[in-house]
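Chain residues, written in single-letter form:
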Amino acid sequence: ASASSDEFCDARISYGDSGCGISLSSSSKILIKGGIVVNAHHQEVADVYIDDGLIVDVKPNIKVGDEVTIIDATGKFVMPGGIDPHTHLAMEFMGTETIDDFFSGQAAALAGGTTMHIDFVIPVNGSLSAGFKSYTEKAKNSCMDYGFHMAITKWDETVSREMEIMVKEKGINSFKFFLAYKGSLMINDELLLEGFKKCKSLGALAMVHAENGDAVFEGQKRMIELGITGPEGHALSRPPVLEGEATARAIRLAGFVNTPLYVVHVMSIDAMEEIARARKSGQRVVGEPVASGLVLDDSVLWDPDFNIAAKFVMSPPIRAPGHGKALQAALSMGLLQLVGTDHCTFNSTQKALGIDDFRKIPNGVNGIEERMHLVWDTMVASGQISVTDYVRVTSTECARVFNIYPKKGAILPGSDADIIVFNPNSSFKISSSAHHSRSDTNVYEGRTGKGKVEVTIARGRIVWLNGELKVVPGSGKYIEMPPFSYLFDGVDKADASYLSSLRVPVQRSKATK
Ligand code: URP
Ligand code: ZN
Ligand code: ZN
Ligand code: ZN
């Protein structure tokens, strides 16, 4: 590998465009030959021709000249690169900052077959424009395409006006409301309603972190009073019922406003069933399970080693066995629609901030590098979903929901050349000693499974090949996401029929006696 001496130097990553063998040629033309090309709607054996960062052609037996880099994908799946709808890179949170910044988190993503992510801008003292500026700065060393959601943490005329600016001028089409984290990010129902109304008028998607923060606060007090101060207290203080309550409340309020809703990190049966019920009644609700919620269970929080238990602390918590299986089933049935990670990494010294009090353990787990492999192994290799559905839940549906399809999320002529070559007959093994995150731990430590991302191509550049990662700081592009995704189709018609139903005059006789 070739490594430069710049500040990002890391033994597992090489930088720049110096040669790493013939397949990493600097040619902008690439032909992926003979693979099974999979889109969410269809799969077929075909070649994929890439030039200048874009997919030019997808069909069998494409003939090219000899200046083209050829990748033989015979017997392998050629799929859209993953899009992770939920990450926190370089996030200041709970008195510290995530150990992965935009460069290291994205490098990890690329090594795991994810070629785009959407991160959450946290406002600075409630200011959206200051938050946007800060995150634009944080993202300067990006080596992968990215977009932004934005959190709303207070409400006034300025916030309302700034939401409009974010949507109309800054390429943001989604806003996250935290119903938990009392005393920091949490908002109340009045703000939630204002936010929902504003989102609706802008064609922006409202997102919720659904846990009842007041009840969590009460649950935490209860645990401390009982003398339960370790990581298990985190899970015990915020049980599934509090996630179910907040999910139900957010869904009902979004229904009352008649605006689409996206529920992030669905961790429990309780929350999932609320989403399923709402969808059954025709409401536009999207549910996002995350890798940790699908494959882990809460037994780890009782590990006698604090360092091990603490690394699994996230919110909502990883649940008892059974929840994960139910979330998998919901994903396979289409009751939940797409998979994120909530990648939000803290190393052991940061997690140790809560050694005496679980309330001080920074919340968050890794996953940006592992998601594609975990979803394949858990959902496809086990027979629960098809390969086309894999593409849908890891990439295409995210692109549709955030309105960047088919630029992203598809292998079609004209789409960005974000592509992975996946070998279903190989296998993966996860370990903090080999991963690309800066974290010294991994919540999937030691896990092995079927399938392996062998090649990652990000906007036409081969960045991952033969276990070697080659990324360029600053090469990632900010992807603007326009408002009024498909989720808004028909919202105006539903409003019109609601209003006309109210305007039917009630005939009352004048004399009442
Ligand atoms: O524990 C978590 N989830 N940390 C990240 C912040 C959030 O709530 O998404
Ligand atoms: Zn090299
Ligand atoms: Zn959250
Ligand atoms: Zn999150």
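Owing to the predicted nature of the structure, the values given are computational and were not obtained by experimental measurement. (Residues numbered from 1 in each chain as written. Chains lettered and ligands numbered in written order. Predicted model: local features only at pLDDT ≥ 70, side-chain atom pairs only at ≥ 80, totals over all residues.)

Engineer: What am I meant to see in the overall build of the protein here?
Structural biologist: Of regular secondary structure, the protein possesses 15 helices and 19 strands. For 513 residues, the compact-globule estimate of 2.2 N^0.38 gives 24 Å, and the C-alpha radius of gyration of the protein, at 23 Å, lies within 12% of that figure. Across its three principal directions, the C-alpha atoms of the protein cover 95 × 60 × 45 Å. Looking at the 513 residues of the protein, the share that counts as buried comes to 53%. (Helix = DSSP H or I, 4+ residues; strand = E, 2+ residues; numbered from the N terminus. Rg over C-alpha atoms; globule rule 2.2 N^0.38 Å. Buried ≥ 20, exposed ≤ 12 C-beta atoms within 10 Å, placed from the backbone.)

Engineer: Would you explain helix α11 (residues 323-333) in this entry?
Structural biologist: Think of an α-helix as turning once every 3.6 residues; residues three or four places apart then point the same way. All of the buried residues in α11 are His 323, Gly 324, Leu 327, Gln 328, Ala 330 and Leu 331. For α11, the angular spread of buried residues about the axis comes to 165°, placing them on one side. On its buried side, α11 packs onto α8 (269-280), α9 (291-295), α13 (371-380) and α14 (387-401). Note on α11: the residue one or two positions beyond its end, Gly 334, has a positive phi of about 85°. (Arc of directions from axis to C-beta. Contact = placed C-beta atoms within 7 Å.)

Engineer: What should I look at first to understand the pairing of strand β13 (residues 205-209) in this one?
Structural biologist: Along a regular strand, successive side chains alternate from one face of the sheet to the other. Most of β13 is tucked away: 5 of the 5 residues are buried. On β13, burial covers both faces: Leu 205, Met 207 and His 209 on one face and Ala 206 and Val 208 on the other are all buried. In terms of strand pairing, strand β12 (residues 174-178) meets β13 through 5 bridges, oriented parallel. Bridge assignment links Lys 176 to a residue of β13, and that residue is Met 207. Taking the sense of rotation as the criterion, the β-α-β connection linking β12, helix α4 (residues 189-202) and β13 turns out right-handed. Direction of pairing for β13 relative to strand β14 (residues 261-263): parallel, over a ladder of 3 bridges. Note on β14: the bridge partner recorded for Val 208 is Val 263. (Pairing = 2+ DSSP bridges. Right-handed = clockwise from strand over helix to strand, strands pointing away.)

Engineer: I would appreciate a short explanation of the nonpolar core in the present structure.
Structural biologist: Nonpolar side chains tend toward joint burial in soluble globular proteins. In terms of nonpolar packing, the biggest core is built from 148 residues, with Val 48, Val 78, Leu 110, Phe 177, Ala 206, Val 208 and Val 263 touching the most fellow members. Top element by residues in this core is helix α1 (residues 102-111). It accounts for 7 residues. Sequence-distant contacts of Val 48, that is, excluding residues within four places in its chain, are made with Ile 32, Val 37, Ile 55, Val 58, Val 78, Ile 411 and Ile 419. (Core = buried A, V, L, I, M, F, W, Y, C linked by C-beta atoms within 7 Å.)

Engineer: When you look at the site of ligand 1 in this model, what are you seeing that I'm missing?
Structural biologist: The immediate surroundings of ligand 1 are formed by His 88, His 209, His 265, Met 314, Ser 315, Asp 342, Cys 344, Asn 363 and Gly 364. When its residues are assigned to classes, the shell around ligand 1 shows 2 nonpolar, 6 polar and 1 charged. (Near = placed C-beta within 6 Å. Nonpolar A, V, L, I, M, F, W, Y, C, P; charged D, E, K, R; others polar.)

Engineer: Mind showing me how you'd approach the environment of Val 257 here?
Structural biologist: Positionally, Val 257 belongs in helix α7 (residues 240-257). By the C-beta count within 10 Å, which is 19 here, Val 257 ends up partly exposed. Between the alpha carbons of Val 257 and Glu 397 there is a distance of 24 Å; along the sequence they are 140 residues apart. Those residues within four positions of Val 257 in sequence are excluded, and the remaining contacts are Leu 193, Phe 196, Lys 197 and Lys 200.

Engineer: Which parts of the structure should I look at to understand the environment of Ser 134?
Structural biologist: Along the chain, Ser 134 falls in helix α2 (residues 128-138). Sequence-wise, Ser 134 and Ile 122 are 12 residues apart; in three dimensions their C-alpha atoms are separated by 8.9 Å.

Engineer: Even after reading the chapter, I still don't get the environment of Ala 310, so can you show me in this structure?
Structural biologist: Here Ala 310 shows up in helix α10 (residues 306-311). In this structure, Ala 310 is in contact with Pro 231, Lys 351, Gly 354 and Ile 361, ignoring residues within four places of it in sequence.

Engineer: Explain the confidence of the model for the protein to me, please; I cannot follow it from the model alone.
Structural biologist: Predicted coordinates in regions of low pLDDT should not be interpreted in detail. Averaged over every residue, the pLDDT of the protein is 95; residues scoring 70 or more account for 95%. Across residues 1-9 the pLDDT falls below 50, and counting only partners more than four positions away or on other chains, this stretch makes 17 contacts in the model. Taken as a whole, residues 16-25 scores under 50 in pLDDT and shows 18 contacts with residues more than four places along the chain or in a different chain. Interface predicted TM-score (ipTM) for the complex: 0.92; the corresponding pTM is 0.95. (pLDDT = per-residue confidence, 0-100.)

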